[in-house]
Structure formats: structure tokens, C-alpha cells
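# Working through the structure, step by step
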Amino acid sequence: GESVGLHLPTLSVQEGDNSIINCAYSNSASDYFIWYKQESGKGPQFIIDIRSNMDKRQGQRVTVLLNKTVKHLSLQIAATQPGDSAVYFCAENRLRSGGSYIPTFGRGTSLIVHP
Amino acid sequence: DTEVTQTPKHLVMGMTNKKSLKCEQHMGHRAMYWYKQKAKKPPELMFVYSYEKLSINESVPSRFSPECPNSSLLNLHLHALQPEDSALYLCASSHSGSFRNEQFFGPGTRLTVL
């Protein structure tokens, strides 16, 4: 079936480095993607989103890149800080019965930032 | 107020118990969700309420019973659970189920079934 998945389960970086978290998707009709951050003991938190008519979107210290040719998206975090340590999920909004768009989450990547 | 609250934070129950999880938001959101999350796994959708009506049930066993008393509240009633139901139960809300559907998640209830 269709899936949204991640390449690496764990990513360790030094404080100040840039981090790149990758995600592959299989549904070529996917139109909207979201990155969530989940810190320990908390629910997922929206970070940034991107529509399929875009290749790149930037936020504060974060950039999402979308490559529709290879069905791949990535989250780049600049100058990674200890507070960025969390599990990051990519999610794909899919149209469900009743006309609602519901995110389907990928496996998640654990980002560990070493001071 | 941009917060989704959930109570209790932790719950331990036996397989014969009946308990309820509660979720509340005051952002005027008309869509509310229950997710189940096992350790080191992504959240899995259980139920969706849209305008206080159940719109999606992801084939969840009947021992889980959702309820939406009003647009701000969402409950999950638990009865005769199994140990494998132990997980983090997340509530979320969104303005609607439209295309750009940013969900706001609560901190979750950590459930342990003995």
C-alpha cells in the first residue's frame, strides 16, 4: 500500500551543526506534506508544511525541500541546538471519507543534539 | 488559548476497569481526533469528529468508545482493555478537515493496562 517513511531512525549531531532529516513517500498524487516535532512527554508539534507546487519552503532555522521526481522530502535545521532534540515525523495529508484531510505519519527520526 | 489539554496525564487500569480519557480545546476548532501512539512509533489515527459527529472510525475495537459532548470536549471511554492497549493516547484538534489542516496536539495520556 501507499506509505510515508523515513530513511534513518536516529540522527546524532553536534550543537551548531546543520541537520538534515529525510523522508520518502510513495503516493505520487500526494499534494501536501507536514513536518512535526515531538519532544519527550509531549504531543507532536507542527513545524512547517509544503504543497506539491513548491520545491522549497523556509521557516525560522528550518527549510523543507520537496523533490517530486524521486518522491522525497527533507527537513533541514540550521545551527542545531540542544532544544531541537526530538523525534521528527513527516506526514502526508490525505483526503479521507467525509471530505476531511488527515495526516498520515511516517516512521519518525530521532534527532540527538550533543552539546 | 492555543492549547489542547488532556486528563489524566497517566492512567493505570486493570482489564476489567472502566475509565475515561478527556480532551478539551477552546480554539473554536470543529474537528477533533484521537490517536494511539506506541513507543518509538508514529501516531495512529483512531477516530475523527467533525462538527461533533463521528466521521472516521479506523476499525477501532468496541472496547474504545469515543464521545463528543460539545465542540470543545472529546472523551474516550475505555472498557475491558487488553495489555496491548497500553500506549500514549493523543488528542488533537484542527479548525476543520480542509486541505491545509494544521492539527494541534495535546500532551497525551500515558495508559498502562495491567
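Summary of the structure given here. Fair warning: this is a prediction, and the values are worked out from it, not measured in the lab.

### With respect to the packing of aromatic side chains
Evaluation of the coordinates by the stated rule reveals 10 aromatic pairs over all chains. Ring centres of A:Tyr36 and B:Phe105 lie 5.8 Å apart, and the angle between their planes is 90 degrees; this geometry places the pair in the edge-to-face category. One end of the pair, A:Tyr36, is in strand E4 (residues 32-38); the other, B:Phe105, is in strand E10 (residues 104-105), on a second chain. As far as burial versus exposure is concerned, A:Tyr36 and B:Phe105 are alike and both buried. Every member of this aromatic cluster is reached through a ring pair, and the members are A:Tyr36, A:Phe46, A:Phe89, A:Phe105, B:Tyr33, B:Tyr35 and B:Phe105.

### Examining the sheet that holds strand E7 (residues 64-70) of chain B
Residue and element names in this part refer to chain B. Strand order in the open sheet made by the four strands is E1-E3-E8-E7, with antiparallel pairing throughout. Unpaired on one side and paired on the other, strand E1 (4-7) and E7 mark the two borders of the sheet. Direction aside, the axes of adjacent strands within the sheet are offset by 20 degrees on average. Pairing of strand E3 (residues 18-25) with strand E8 (residues 73-79), which is carried by seven bridges, proceeds in the antiparallel orientation. Within E8, the position partnered with Lys-19 by the bridge is Leu-78.

### Describing empty space enclosed by the protein
All names here are of chain B. Applying the stated rule across the entire model yields two cavities of 30 Å³ or more. Together, His-29, Arg-30, Ala-31, Met-32, Tyr-49, Tyr-51, Glu-52, Cys-68 and Ser-71 line the second largest cavity. Taken together, the residues of the lining of the second largest cavity break down into five nonpolar, two polar and two charged.

### With respect to the nonpolar core
Counting 23 residues, the largest nonpolar core has B:Trp34, B:Phe64, B:Leu76 and B:Leu78 as its most contacted members. For this core, the secondary structure elements donating two or more residues are strand E2 (10-13), E3, strand E4 (31-37), strand E5 (44-50), E7, E8, strand E9 (87-94) and strand E11 (109-113) of chain B. Dropping the residues within four chain positions of it, B:Leu78 is found in contact with B:Leu11, B:Met13, B:Asn17, B:Lys18, B:Lys19, B:Leu21, B:Arg63, B:Phe64 and B:Leu111. The next biggest cluster of nonpolar side chains, apart from the first, holds 20 residues, and it includes A:Leu11, A:Val64, A:Leu75 and A:Leu111.

### With respect to the interface of chain B and chain A
Contacts between the two partners involve 23 residues from chain B and, on the opposite side, 24 residues from chain A. Contact between chain B and chain A buries roughly 1900 Å² in total, counting both sides, with carbon and sulfur atoms accounting for 57%. For the interface between chain B and chain A, the tally reads one salt bridge. Salt-bridge contacts for A:Arg96 lead to B:Glu58; the nearest nitrogen and oxygen are separated by 2.6 Å. In this assembly, chain B and chain A are joined by two residue pairs in polar contact (both at pLDDT 80 or more). Of all elements in the fold, only E4, E5, strand E6 (53-57) and E9 of chain B reach the threshold of two or more residues within the side of chain B that touches chain A. No other element matches the three residues that E4(B) contributes to the side of chain B that touches chain A. For the side of chain B that touches chain A, the class distribution of residues is 12 nonpolar, seven polar and four charged.

### Some points on the state of the cysteines
Residues and elements named next belong to chain B. Going through the model one piece at a time under the given rule, you end up with two disulfides over all chains. The disulfide bridge from Cys-23 ends at Cys-91, spanning 1.9 Å between sulfur atoms. Residues Cys-23 and Cys-91 are joined by a disulfide whose S-S torsion is about -70 degrees; by sign, that bridge is left-handed. Taken together, the residues span a long stretch of sequence, with Cys-23 in strand E3 and Cys-91 in strand E9 at a distance of 68 residues. When sorted by exposure, Cys-23 lands in the same class as Cys-91, which is buried. Cysteine Cys-68 remains unbridged, with the sulfur of Cys-91 as its closest cysteine sulfur at 9.2 Å.

Conventions we followed
Once a new chain begins, its residue numbering starts again from 1 and follows that chain's sequence as written. The lettering of chains begins at A and the numbering of ligands begins at 1, in the order of writing. Totals for whole chains, interfaces and linings use every residue, but because this is a predicted model, local features are given only for residues with pLDDT of at least 70 and side-chain atom pairs only at 80 or more, for both listing and counting. For side-chain calculations, the full set of non-hydrogen atoms in the structure is used, while hydrogens and water are omitted. Think of it this way: a Phe, Tyr or Trp ring, Trp meaning its six-membered ring, pairs with another when their centres are within 6.5 Å, and the plane angle makes it stacked under 30 degrees, edge-to-face over 60, tilted otherwise. Runs of H or I in DSSP of at least four residues are treated as helices and runs of E of at least two as strands, each being numbered from the N terminus. Per-residue accessibility, obtained with a 1.4 Å probe over protein chains only, is compared with the maximum for each type, and a residue is labelled buried under 20%, exposed over 50%, and partly exposed between these values. Pairs of strands are assigned from DSSP output, requiring at least two bridges between the strands. All axes are obtained by fitting lines to C-alpha atoms, using only the stretch in contact for helices, and the reported angles, taken between N-to-C directions, cover 0 to 180 degrees. In this analysis a 1.4 Å probe is tested at points of a 1 Å grid over the protein atoms alone, and where it fits but cannot get out there is a cavity; an open set with protein on both sides within 12 Å along at least five of seven lines is a pocket; lining residues have an atom within 4 Å of a point. Grid points are joined across faces, edges and corners, and a volume is the space filled by probe spheres set on the points. All residues other than Ala, Val, Leu, Ile, Met, Phe, Trp, Tyr, Cys, Pro, Asp, Glu, Lys and Arg, Gly among them, are scored as polar; the first ten of these are nonpolar and the last four charged. Only buried residues count toward a nonpolar core, which is a set of Ala, Val, Leu, Ile, Met, Phe, Trp, Tyr and Cys residues joined through side-chain atoms within 4.5 Å. Here a residue-residue contact requires only that any non-hydrogen atoms of the pair lie within 4.5 Å. Two parts placed together each lose some accessible area; with a 1.4 Å probe, that loss summed over both constitutes the buried area. Whenever Lys or Arg places a side-chain nitrogen within 4 Å of a carboxyl oxygen from Asp or Glu, that contact is recorded as a salt bridge. Contacts described as polar in this section are N or O atom pairs within 3.5 Å, which, within protein, must combine one atom able to donate a hydrogen with one able to accept it, while residues neighboring in sequence count only if both atoms come from side chains. A pair of sulfur atoms, both from cysteines and within 2.5 Å, is called a disulfide here.

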